[in-house]
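Notes for the structure review
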Amino acid sequence: MDKKEALEKLKNEMEADIDLPLYGSANLVFGEGSEDAEILFIGEAPGRREDELRRPFVGQSGKLLDKMLAKIHMPRERVYITNIVKRRPPQNRDPFSEEIQAYTPYLQRQIDIINPVMIATLGRFSMNYFLPDAKISRDHGTATRINAHILVPLYHPAAALRSRKMFQELEKNFLELPKLLKDAKTV
């Protein structure tokens, strides 16, 4: 089975899993992009627009993400974008820890299928899945090896839209991604 088929099988399995939190109250937003992506971006959970379109990062945060990707000459089609929780929490609240725990086995399988060189987490929830003791304000932009992957925590684009300082930090960290990726591939 190739990667595309494996991702489709995983998506169908998630659609059928009625025990997953938020099942029936929101659409599944599985993820999209290249199954051969070198960089996998992981956010926290879909928002209203993502729920409507069943696509990750298509609202205002997604527009900013697309601009950042354009700055590093890496179109959305060359990366893979998903969330840790794959259904929208009510009123766009933060995901609960039990929701994160329920979705993470599926996320891990997604990571295993794509097998990216780099995982870029967008915000503290996805960062803390990999680095439970990390603080986004302190650790954003710092590359860490996690098994076979380089992990780079980044501010969430939604936070960057609300804070000029976070926007500048997100942009700075994004501009460093190509070098970090190149370095990771030569190790």
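In this text the structure is predicted, and so the values were computed from the model without any measurement. (Residues numbered from 1 in each chain as written. Predicted model: local features only at pLDDT ≥ 70, side-chain atom pairs only at ≥ 80, totals over all residues. Heavy atoms only, no water.)

What about the overall build of the protein chain?
Within the protein chain, the regular secondary structure consists of eight helices and six strands. Shown N-terminal to C-terminal, the secondary structure of the protein chain runs as helices and strands in the order α-β-β-α-α-β-α-β-α-α-β-β-α-α. Taken against the 2.2 N^0.38 rule, which gives 16 Å for 187 residues, the C-alpha radius of gyration of the protein chain at 15 Å falls within 12% of a compact globule. If one aligns the C-alpha atoms of the protein chain with their principal axes, the spans along those axes are about 40 × 40 × 30 Å. (Helix = DSSP H or I, 4+ residues; strand = E, 2+ residues; numbered from the N terminus. Rg over C-alpha atoms; globule rule 2.2 N^0.38 Å.)

Topic: the packing of helix H3 (residues 60–71) against helix H8 (residues 164–185)
Interhelical geometry of H3 versus H8 gives an angle of 40° and a closest axis separation of 9 Å. In terms of axis orientation, H3 runs oblique to H8. Note that H3 runs across H8; the crossing there is right-handed. Seen from H3, the contacting residues are Leu 64, Leu 65, Met 68, Leu 69 and Lys 71; seen from H8, they are Phe 167, Leu 170, Glu 171, Phe 174 and Leu 175. Here the contact of H3 with H8 is composed, by residue class, of eight nonpolar, no polar and two charged. (Axes fitted to C-alpha atoms, helices over the stretch in contact; angles between N-to-C directions. Parallel < 35°, antiparallel > 145°, perpendicular 65-115°, else oblique. Left-handed = near helix turned anticlockwise from the far one by under 90°. Contact = heavy atoms within 4.5 Å. Nonpolar A, V, L, I, M, F, W, Y, C, P; charged D, E, K, R; others polar.)

Looking at helix H1 (residues 3–16)
With 14 residues, H1 should reach 20 Å at 1.5 Å per residue; the first-to-last C-alpha distance of 20 Å fits that figure. Buried residues of H1: Ala 6, Leu 7, Leu 10 and Met 14, and no others. Taken around the axis of H1, the buried residues stretch over an arc of 100°, which confines them to a single face. Relative to its buried face, H1 has exposed residues pointing more than 90 degrees away, namely Lys 4, Lys 9 and Ala 16. Elements that come into contact with the buried residues of H1 comprise strand E3 (80–83) and helix H4 (97–114). Among the residues of H1, the N-terminal cap falls to Asp 2, whose side-chain oxygen and the backbone nitrogen of Lys 4 are separated by 3.2 Å. (Expected span 1.5 Å × (residues − 1). Buried < 20%, exposed > 50% of the residue type's maximum accessible area, 1.4 Å probe, protein only. Arc of directions from axis to C-beta. Polar contact = N/O pair within 3.5 Å; in protein donor to acceptor, adjacent residues only side chain to side chain.)

Topic: H3
Helix length check: H3, at 12 residues, gives a terminal C-alpha distance of 17 Å against a target of 16 Å (1.5 Å per residue), a fit within 8%. Among the residues making up H3, those that are buried are Ser 61, Gly 62, Leu 64, Leu 65, Met 68 and Leu 69. On an axial view of H3, the arc spanned by its buried residues comes to 160°, and they lie on one face. Facing away from the buried side of H3 by over 90 degrees, the exposed positions are Gln 60, Lys 67 and Ala 70. The inward-facing, buried residues of H3 abut strand E2 (39–43), E3, strand E4 (118–122), helix H7 (157–162) and H8. At the exit of H3 stands His 73, carrying a positive phi of roughly 55°.

Observations concerning the sheet that holds E2
The strand order across the open sheet formed by six strands is E1-E3-E2-E4-E6-E5, and the pairing between neighbours is mixed. Each having just a single partner strand, strand E1 (32–33) and strand E5 (144–146) make up the two edges of the open sheet. Alignment of E2 against E4, held across four bridges, turns out to be parallel. From the neighbouring strand, Ile 42 faces E4, where its bridge partner is Thr 121. Together, E2, E3, E4 and strand E6 (149–154) form the strand contacts of H4, whose direction differs from that of E3 by roughly 170°. (Pairing = 2+ DSSP bridges.)

Function cannot be inferred from these measures alone, as they are strictly geometric.
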